[in-house]
Amino acid sequence: MWILELDDTEIRLSKDGEIVNSQPGIAWAEVKDLKFGEAALKVAKLYPARVHTQYWNLLDQSHVEPKGFAVETQADLVYQQLLHIKEQGKLGDKDEILIVVPSDRTEQQLRLLYGIALKAGYNVVDFVDVGVAGALAYESKGAIAYISVGMQRTVITHLKVSDRIVRERVSVTPQLGLLPLSNTWIRMVAEKFLASSRFDPRKFAETEQQIFDQILTFVQSSKNNTTIETEYRGFTRQVEISKAEVIEVAQDRYASAVSHLNAEEDLVLSNTTHTLPGLTDALTQSSRKYFVSTFGGMVEELTASLDDESDSDQCTLHTSLTKRATRTTDSDRDTEVHVGTPVHPTHILHQATAYPIGSEFTVNSGELGEAQLFTLEHRTQGTALKIGTSAPITVNGARVRTELFVQPGDRISVLDRNYELIMVQG
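Since this is a predicted model, take the numbers as computed values, not measurements.

About the criteria used
Residues numbered from 1 in each chain as written. Predicted model: local features only at pLDDT ≥ 70, side-chain atom pairs only at ≥ 80, totals over all residues. Heavy atoms only, no water. Buried < 20%, exposed > 50% of the residue type's maximum accessible area, 1.4 Å probe, protein only. Helix = DSSP H or I, 4+ residues; strand = E, 2+ residues; numbered from the N terminus. Pairing = 2+ DSSP bridges. Expected span 1.5 Å × (residues − 1). Arc of directions from axis to C-beta. Contact = heavy atoms within 4.5 Å. Axes fitted to C-alpha atoms, helices over the stretch in contact; angles between N-to-C directions. Core = buried A, V, L, I, M, F, W, Y, C linked by side-chain atoms within 4.5 Å. Salt bridge = Lys/Arg side-chain N within 4 Å of Asp/Glu carboxyl O. Phe/Tyr/Trp six-rings, centres within 6.5 Å; stacked < 30°, edge-to-face > 60°. Lys NZ or Arg CZ within 6 Å of the ring centre and 35° of its normal.

Caption draft 1: Structural context of the pairing of strand 28 (residues 411–414). Residues I412 and V414 of strand 28 are buried on one face, while the alternating residues R411 and S413, pointing to the opposite face, are not. Judged from the 4 bridges that link them, strand 28 and strand 29 (residues 417–422) form a sheet pairing that is antiparallel. Paired with V414 across the strands is R417, a residue of strand 29.

So this is what it looks like as structure tokens:
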């Protein structure tokens with residue numbers, strides 16, 4: 001099955017669970033050129049008037065100013081990016097595709113999206129609410145909130161879960177989004193430059209873009225500290241920042257999402273939500289349970305659930321779905337975050353040597369650290385294994401493709417190396 005997930009921080013097209021194309025929902029529309037995704041992010045601060053980040057949210061026919069190549073309206077931008085994704089992912093006109101949409105889409109927006117997709121050559125069979133799809137793999141029942149941080153806003157889907165997942169209501173906060181967050185972080189870095197050298201990098205598009213690129217890289221990394229560098233007219237300036245500072249200045253924006261949650265709700269977090277520094281801790285105060293929705297887990301559960309409900313040839317929006325019975329096996333563990341009292345391994349064993357993990361331990365491909373293979377990081381909810389290489393990594397013989405939580409006794413294999421996580425008392 002082909003699936004297109006329209007989360008604008010990472011729009012993903014997959015075939016039978018394999019991601020064939022992913023790109024953020026951002027566009028750069030010049031007079032004679034049109035770029036999407038990472039190419040547009042690279043000029044977001046250089047040409048802010050021609051970079052568009054709201055068209056997936058607006059999803060209407062309002063005019064784009066200034067106009068660009070083949071673009072006059074917000075709908076044109078959606079159409080052109082759908083064409084781009086279709087071409088990049090080699091999606092055929094006859095291939096049936098399911099589209100997973102944000103929970104705050106109106107009926108009018110969905111009708112427009114359906115028409116745009118048909119015009120772009122998509123053979124759409126159904127739409128599914130992203131909150132419903134993301135919560136399918138969560139085994140608990142009761143009240144659940146699915147949280148998805150987008151480019152410009154955060155959408156919270158409030159769900160009721162029994163044997164069936166039902167969307168009850170939707171909350172939206174524009175204070176929390178990847179781009180508003182990045183502006184907060186850029187301001188923090190700029191204040192450090194002003195304090196150290198009386199230089200304000202926000203005055204020049206070139207240096208603001210440099211900071212923007214480095215900040216996005218840092219917040220997505222496992223590093224606790226980094227150096228932010230600007231170069232302007234032959235002068236190079238540097239400041240040091242830490243993850244703790246990044247988290248501190250983001251707290252007000254994080255609080256805007258927390259304010260929409262009910263005390264009884266467990267959480268299901270999108271991948272972007274989970275990886276933003278400090279956001280998970282802010283959301284899970286008072287020992288609130290949470291689960292990270294991985295794309296692979298969502299696709300597997302969604303495919304199984306829709307197979308049971310494929311009783312109509314009419315394209316519809318699914319705001320409720322029946323859960324299938326799930327079992328937790330070694331191969332399933334990359335879709336699960338443990339919520340009980342965690343047991344942390346203290347050492348990682350390689351050949352005859354046990355290395356202490358400490359709060360964080362990175363395994364490199366060589367003695368000089370040419371490339372990171374994986375990192376182990378102790379967190380309050382467990383020990384996370386973060387993949388840092390494209391080399392195949394298995395845990396207990398099962399291939400893993402995304403971050404997962406590990407425990408004593410687990411065996412990790414990468415390249416020609418084998419490791420075991422152990423606990424050493426005393």
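Okay, back to it.
Caption draft 2: Seen up close, helix 4 (residues 107–119). The first and last C-alpha atoms of helix 4 sit 19 Å apart over 13 residues, in line with the 18 Å expected at 1.5 Å per residue. Q109, L110, L113, I116 and A117 are the residues of helix 4 that are buried. Take helix 4 and look down its axis: the buried residues cluster within an arc of 125°, on one side only. With respect to the buried face of helix 4, the exposed residues turned more than 90 degrees away are E107, Q108, R111 and K119. Trailing helix 4 by a residue or two, G121 shows a phi angle of about 90°, which is positive.

Caption draft 3: Up close: the sheet that holds strand 3 (residues 18–23). A sheet is described by the order of its strands in space; here 6 strands give the open sequence 3-2-1-9-10-18, paired in mixed fashion. Two strands in the sheet have a free side with no partner beyond their single neighbour: strand 3 and strand 18 (317–318). Strands in contact with helix 3 (residues 74–89) are strand 1 (2–5), strand 2 (11–15) and strand 3; relative to strand 3, the strand with the most contacts, it is inclined by about 140°. Strands in contact with helix 11 (residues 295–307) are strand 1, strand 2, strand 3, strand 9 (96–101), strand 10 (123–129) and strand 18; relative to strand 1, the strand with the most contacts, it is inclined by about 125°.

Caption draft 4: Geometry of the sheet that holds strand 28. The sheet built from 6 strands is open, its strands ordered 21-20-29-28-25-26 with antiparallel pairing. Each edge of the open sheet is held by one strand with a lone partner, namely strand 21 (353–356) and strand 26 (398–400). Strand-to-strand, the axes of this sheet are offset by a mean angle of 30°, without reference to chain direction. When strand 25 (residues 393–395) meets strand 28, the two strands line up antiparallel, connected through 3 bridges. Counterpart to V395 in the pairing with strand 28 is I412.

Caption draft 5: Spatial organisation of the nonpolar core. Among the nonpolar cores identified, the biggest contains 47 residues, and W185, V189, I241, Y254, L267, L276 and L283 are the most heavily contacted of them. Considering every element that reaches this core, the biggest residue donor is helix 6 (residues 178–197), with 8 residues. With sequence-adjacent residues up to four places away left out, L276 is seen in contact with V149, L178, L181, W185 and Y254. L6, Y79, I99 and F127 belong to the second largest nonpolar core, which has 32 residues in total.

Caption draft 6: Geometry of the pattern of salt bridges. Summed over all chains, the structure comprises 15 salt bridges. Taking the shortest distance from any N to any O, the salt bridge between R12 and E10 comes out at 3.7 Å. Each of the salt bridges in this network shares a partner with another, and the network as a whole consists of E5, E10 and R12.

Caption draft 7: Looking closely at the packing of aromatic side chains. Scanning the entire structure with this criterion turns up 10 aromatic pairs. Here Y55 and W56 contribute two aromatic rings whose centre-to-centre distance is 6.0 Å and whose plane-to-plane angle is 40°, an arrangement assigned as tilted. Note on Y55: relative accessible area 0%, which makes it buried. An aromatic cluster is defined as three or more aromatic residues linked by ring pairs; in this entry it consists of F193, F199, F204 and Y232. A cation sits over an aromatic face here: K243 above F218, 4.9 Å from the ring centre.

Caption draft 8: Layout of the side chain of S14. Along the chain, the position of S14 falls in strand 2. Not counting residues up to four positions away in its chain, the partners in contact with S14 are M1, W2, I3, I19, V20, F295 and V299.

Caption draft 9: Main features of unusual backbone geometry. Across the junction of E65 and P66, the peptide omega takes the value -10°, indicating a cis bond. By secondary structure assignment, the location of P66 is in strand 7 (residues 63–68). Within the chain, K90 stands out as a residue other than glycine whose phi angle is a positive 55°. Relative to the elements of secondary structure, K90 occurs in the loop between helix 3 and strand 9. You can call K90 exposed: its relative accessible area is 70%.

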